[in-house]
Amino acid sequence: MMTDRWLNYVLSIVVVLGLLVVTVYNQPRVREERAAFLAQELVEVDLDIAAPEEATEAVQLRQRERPEETSPELETEVAGFEPPPVLDGYGVSASHPTAVEVGMEVLEGGGNAIDAAVAVAYTLGVAEPFGSGIGGGGTMLIKREGEEPRVLDYREIAPINGIPPTSDIGVPGFVAGMDRIHDEYGTVQLEDLIEYAARLAESGIEVDPYLNERLQGAAHRLPIHMLPRFFPEGQAIAAGQMLHQPEYAVALRLIQEQGPAAFYEGAIGQQIVEAVPGLELADLGAYEVLEVEPGRGTFGGYEVLAAGAPVAAPTVIQLLQTAEARGINDLDLASADAFHVQIQAWRLANSQRIDRIGDPSIEDVVLAELLDPAVSQGFADLIPPDAFAEVPEDVEAVTEETDTTHVVVVDEDGTMVSMTNTLSNFFGSGLAVSGFFLNDQLKNFAPDPASVNAVAPLKRPRSFVAPLMLLEDDRPVLGIGSPGGRRIPNAVAQVIVRWAGHGEELESAVQQPRFHMERARLLVEAPLDSDALEQLVSWGYEVREHLPTTEYYGAIQALEVDWDTGEVTGANEIRRQGTWASSTRVD
């Protein structure tokens, strides 16, 4: 036994040294290929681009034609059932006001929550080209009245050969995901839902300060000579100017006309593989949307639903359950004890994420075991009152990326969608094809070949995104999610602790200062109470006030539903330009 242990120890050292040698050996090649990538000439697109026109007419939403089916009303009468209750209220929460307007227009025009979510997602790709779009992917959590929740994962995947391109660009899943979701649930024709984004790309959108700041902040890593619409005369387009994206509009029009085939088999796909060494058209053709098991747990008397692996939403449930078992709902949230409990719960949950969360289509991921309340209680028991819980060191790369965009929609039938879309980093890889940016998602694979998150053919890398819902009596009462990279799980959990555990109003819970833990460093958005600070330092915390960007600690998008009144409300997020809108159906 001793011999085997030492043999394993020696082999581990050999593997690590081997990885180090490969990394060092490849560095010159990676630098060279990256330099070539950024310096490449703009690929001319052989497509007619009409001069932008001002869209004056409202988009006409046409109902989808479906095969004739037995009337649901007739079935109800025969079975003696009553129709499911109708909420009447409906609403949209998103990170850009134009996208919120589009979502509300779809809901008011007779579309359902899925229709609105699709239209909003496409619109955000144009209004916030740095955060999401058809060059990326995402994941969607859906809860319909009287039905089991579903999670559809349309995130980016590795090529068939399992070797990520040097640019880390994965096969985008956005177009396939929107098509699959709409095909199953949509009631309005998909072309009409895409029309909002296509018109916005053609007629232009006014640049706001946030977009200007994002362009300036990313300029050092973007091939600005290839992006004249975003960097006229080499400078970031100024706030107040109109940003026209006719090349993006062409791509959207092709998808309207030809469906996903335009992206995965046709002209758009061909442009992608010509621009990205390491991707082949066969890689795009092999893309499939994945349905995954939702995470399930409890907190504050609510059922908590989460998008499933390989995203971090189940980790949020584990964090919440561990903190609750350790008494977080009875603590003063400004106290050292409250910070300590939430931070150590995060460290324990994160260690399980690193060890056990990977692409469930390839890896064996058993969420029921991870989210068992008994497991959470066991973790709670591991938290010392005045010291750190013992967990393996988190060796993942620490970044300050605050990428991603989250959307929540609820319709009059009570269907809720909680959806996160992303390019990974802001502007993804920085490479734009037909006007849209391609992701750099594959950098999120673990370098250790033994990791559950190691790269493999057609595999999805792990992600920190966390679409969630809280349910009461099997009905969604809160949909929530956030951008923020590594800070997403903590940002979302801290709002839920305040709203569900301490009964705070949603607006207050969203606006309260947040915090995050990296190694022994406690990063705080605002100064702590002096007594709490002194106590935490005595327990070994290195407290730093850290705010590199306004949305560093996330930018929550959420909707709250009151089923008694039918009222839908949200919260305005001061860290980004996130907003919401709601209404009540008037017959």
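Residue positions within a chain follow its written sequence, with the count starting from 1. Thresholds applied to this predicted model are a pLDDT of at least 70 for local features of residues and 80 or more for the giving and counting of side-chain atom pairs; totals over whole chains, interfaces and linings are not thresholded and use all residues. Working from all heavy atoms in the structure, the side-chain values ignore hydrogens and water.

Draft legend 1. Broad picture of the overall build of the chain. The secondary structure listing takes helices from DSSP runs of H or I that are at least 4 residues long and strands from runs of E that are at least 2 residues long, numbered from the N terminus. A tally of regular secondary structure across the chain gives 18 helices and 20 strands. Using a 1.4 Å probe on the protein chains alone, a residue whose accessible area is under 20% of its type maximum counts as buried, one over 50% counts as exposed, and one in between counts as partly exposed. For the chain, the proportion of its 587 residues judged to be buried stands at 56%. In this description, contact between two residues means that some pair of their heavy atoms is separated by no more than 4.5 Å. Considering only contacts within the chain whose residues lie at least 6 apart along the sequence, 73% involve residues at least 24 apart. Method for areas: the Shrake-Rupley scheme with a 1.4 Å probe, in which residue coverage is limited to the protein chains shown. Accessible surface computed for the chain: about 24,300 Å², of which carbon and sulfur atoms make up 52%.

Draft legend 2. Fine view of the pairing of strand 15 (residues 515-518). Side chains of strand 15 alternate between two faces, with Phe515 and Met517 and His516 and Glu518 buried alike. Where strand 15 folds back on strand 16 (residues 521-524), the antiparallel hairpin that results is connected by 2 residues, among which arginine 519 adopts a positive phi of roughly 55 degrees. Pairing between two strands requires that DSSP report at least two bridges joining them.

Draft legend 3. Main features of the sheet that holds strand 1 (residues 89-94). Strand order in the open sheet formed by 7 strands is 6-3-2-10-9-1-20, and the pairing between neighbours is antiparallel. Unpaired on one side and paired on the other, strand 6 (290-292) and strand 20 (579-584) mark the two borders of the sheet. The mean angle between the axes of side-by-side strands here comes to 15 degrees, regardless of whether they run parallel or antiparallel. Relative to strand 20, strand 1 is paired through 6 bridges, and the arrangement is antiparallel. Within the sheet, the bridge partner assigned to tyrosine 90 lies in strand 20 and is serine 583. Only the stretch in contact is used when fitting a helix axis, every axis being a line fitted to C-alpha atoms; angles between N-to-C directions are given from 0 to 180 degrees. Contacting strand 1, strand 9 (405-410) and strand 20, helix 3 (residues 97-108) runs over the sheet at an angle of about 155 degrees to strand 1. The sheet strands contacting helix 5 (residues 174-185) are strand 2 (137-143), strand 3 (150-153), strand 6 and strand 10 (416-422), and the helix crosses strand 3 at an angle near 150 degrees.

Draft legend 4. Layout of the sheet that holds strand 15. On the basis of which strands lie adjacent, the open sheet formed by 3 strands has the order 15-16-17 and mixed pairing. Edge strands, defined here as strands with exactly one partner in the open sheet, are strand 15 and strand 17 (542-545). Between one strand axis and the next, the sheet turns by 25 degrees as a mean value, whatever way the strands run. Running at roughly 50 degrees to strand 15, helix 13 (residues 336-356) makes contact with strand 15 and strand 16 of the sheet.

Draft legend 5. Expanded view of the nonpolar core. Ranked by internal contacts, the top residues of the largest apolar core, which has 93 residues, are Tyr122, Ile134, Met178, Ile272 and Phe436. By nonpolar core is meant a set of buried Ala, Val, Leu, Ile, Met, Phe, Trp, Tyr and Cys residues that side-chain atoms within 4.5 Å join together. The next biggest cluster of nonpolar side chains, apart from the first, holds 75 residues, and it includes Val316, Trp346, Met416 and Ala532.

Draft legend 6. Quick look at the packing of aromatic side chains. Two rings from Phe, Tyr or Trp (for Trp, the six-membered ring) form a pair when their centres are within 6.5 Å of each other. A pair whose planes differ by under 30 degrees is stacked, one over 60 is edge-to-face, and the rest are tilted. On inspection of all chains with the given rule, the structure shows 14 aromatic pairs. For the ring pair phenylalanine 130 and phenylalanine 427, a centre distance of 5.9 Å and an interplane angle of 65 degrees mean the geometry is edge-to-face. Remark: phenylalanine 427 occurs in the loop between strand 10 and strand 11 (432-433) and phenylalanine 130 occurs in the loop between helix 4 (113-127) and strand 2; sequence separation between them is 297 residues. Of the two residues, phenylalanine 130 and phenylalanine 427, neither departs from the other in class, the shared state being buried. With a centroid separation of 4.9 Å and an interplanar angle of 80 degrees, the aromatic rings of tyrosine 552 and tyrosine 553 are classed as edge-to-face.

Draft legend 7. The arrangement of unusual backbone geometry in detail. Cis peptide bonds are those with omega within 30 degrees of zero, and the linkage from alanine 309 to proline 310 qualifies with 10 degrees. Relative to the elements of secondary structure, proline 310 occurs in the loop between strand 8 (302-306) and helix 12 (313-325). Its identity as a non-glycine residue notwithstanding, glutamate 233 has a phi of 55 degrees, on the positive side. Examined against the element boundaries, glutamate 233 turns out to sit in the loop between helix 7 (209-218) and strand 5 (242-243). Taking relative accessible area as the criterion, glutamate 233 reaches 84% and is therefore assigned exposed. Phi angles above zero are rare outside glycine, and serine 424 is one such case at about 85 degrees. Inspection of the secondary structure assignment puts serine 424 in the loop between strand 10 and strand 11. By relative accessible area, which is 4% here, serine 424 ends up buried.

Draft legend 8. Just the environment of glutamine 318, in detail. As for its position among the elements, glutamine 318 is in helix 12. Exposure remark for glutamine 318: the relative accessible area of 2% places this residue in the buried category. The spatial distance from the C-alpha of glutamine 318 to the C-alpha of glycine 295 is 9.7 Å, given a sequence separation of 23 residues. Residues in contact with glutamine 318, not counting those within four places in the same chain, are Ala349, Gln352, Leu370, Leu371, Val375, Ser376 and Phe379.

Draft legend 9. Region of the structure containing the confidence of the model for the chain. The predictor reports its confidence for every residue as pLDDT, a score running from 0 up to 100. On average, residues of the chain carry a pLDDT of 88, and 85% of them reach 70 or more. Under a pLDDT of 50 for its full length, residues 1-52 has, in the predicted model, 33 contacts with residues more than four places off or in other chains.

Draft legend 10. Geometry of the pattern of salt bridges. A pair is scored as a salt bridge if a Lys or Arg side-chain nitrogen falls within 4 Å of a carboxyl oxygen belonging to Asp or Glu. In the structure shown here, the tally under the stated rule is 28 salt bridges. Across the pair glutamate 551 and arginine 214 runs a salt bridge, and its minimum N-O distance is 4.0 Å. Here glutamate 551 is found in the loop between strand 17 and strand 18 (557-562), whereas its partner arginine 214 is found in helix 7, with 337 residues between them in sequence. Exposure class is identical for glutamate 551 and arginine 214. Each is buried.

Draft legend 11. Spatial organisation of the side chain of arginine 460. Examined against the element boundaries, arginine 460 turns out to sit in the loop between strand 12 (436-437) and strand 13 (468-472). Nitrogen and oxygen atoms within 3.5 Å of one another constitute a polar contact, given that in protein one can donate a hydrogen and the other can accept it, and given that sequence-neighbouring residues count only through two side-chain atoms. Polar contacts involving the side chain of arginine 460 include one to the main-chain carbonyl oxygen of glutamate 288, which spans 2.7 Å.

Draft legend 12. Geometry of the environment of phenylalanine 464. For phenylalanine 464, the location among the structural elements is in the loop between strand 12 and strand 13. In the structure, phenylalanine 464 is positioned 40 residues away from serine 424 in sequence and 9.9 Å away in space, judged by C-alpha atoms.

Draft legend 13. Highlighting helix 5. The end-to-end C-alpha separation of helix 5 is 16 Å, in line with the 16 Å expected for 12 residues at 1.5 Å each. All of the buried residues along helix 5 are Phe174, Val175, Ala176, Gly177, Met178, Ile181, His182 and Tyr185. One less than the number of residues in a helix, times 1.5 Å, gives the span that helix is expected to have.

Draft legend 14. Representation of a negative patch on the surface in the model. Among the surface-exposed residues, Glu472, Asp473, Asp562, Asp564 and Glu567 lie close enough to one another that they form a single negatively charged patch. Tracing the backbone shows aspartate 564 in the loop between strand 18 and strand 19 (567-570). Think of a patch as exposed residues, more than 30% relative accessible area, with no salt bridge, where like charges cluster within 9 Å and nonpolar side chains (Val, Leu, Ile, Met, Phe, Trp, Tyr) cluster within 5 Å. His is not counted here, nor are the chain ends, while Lys and Arg score as positive and Asp and Glu score as negative. All charge positions are set by atom: Lys at NZ, Arg at CZ, Asp at CG, Glu at CD.

Draft legend 15. Representation of the packing of helix 3 against helix 6 (residues 190-203) within the structure. At a minimum axis distance of 11 Å, the contact between helix 3 and helix 6 shows a crossing angle of 150 degrees. When the axes of helix 3 and helix 6 are compared, the pair comes out roughly antiparallel. Crossing hand, helix 3 versus helix 6: right-handed. Across the interface between the two elements, Thr98, Val102, Glu105 and Val106 of helix 3 pack against Leu193, Tyr196 and Leu200 of helix 6. Any angle between 65 and 115 degrees counts as roughly perpendicular, while under 35 counts as roughly parallel, over 145 as roughly antiparallel, and the rest as oblique. Crossing handedness follows the turn of the near helix against the far one: under a right angle anticlockwise gives a left-handed crossing, and clockwise gives a right-handed one.

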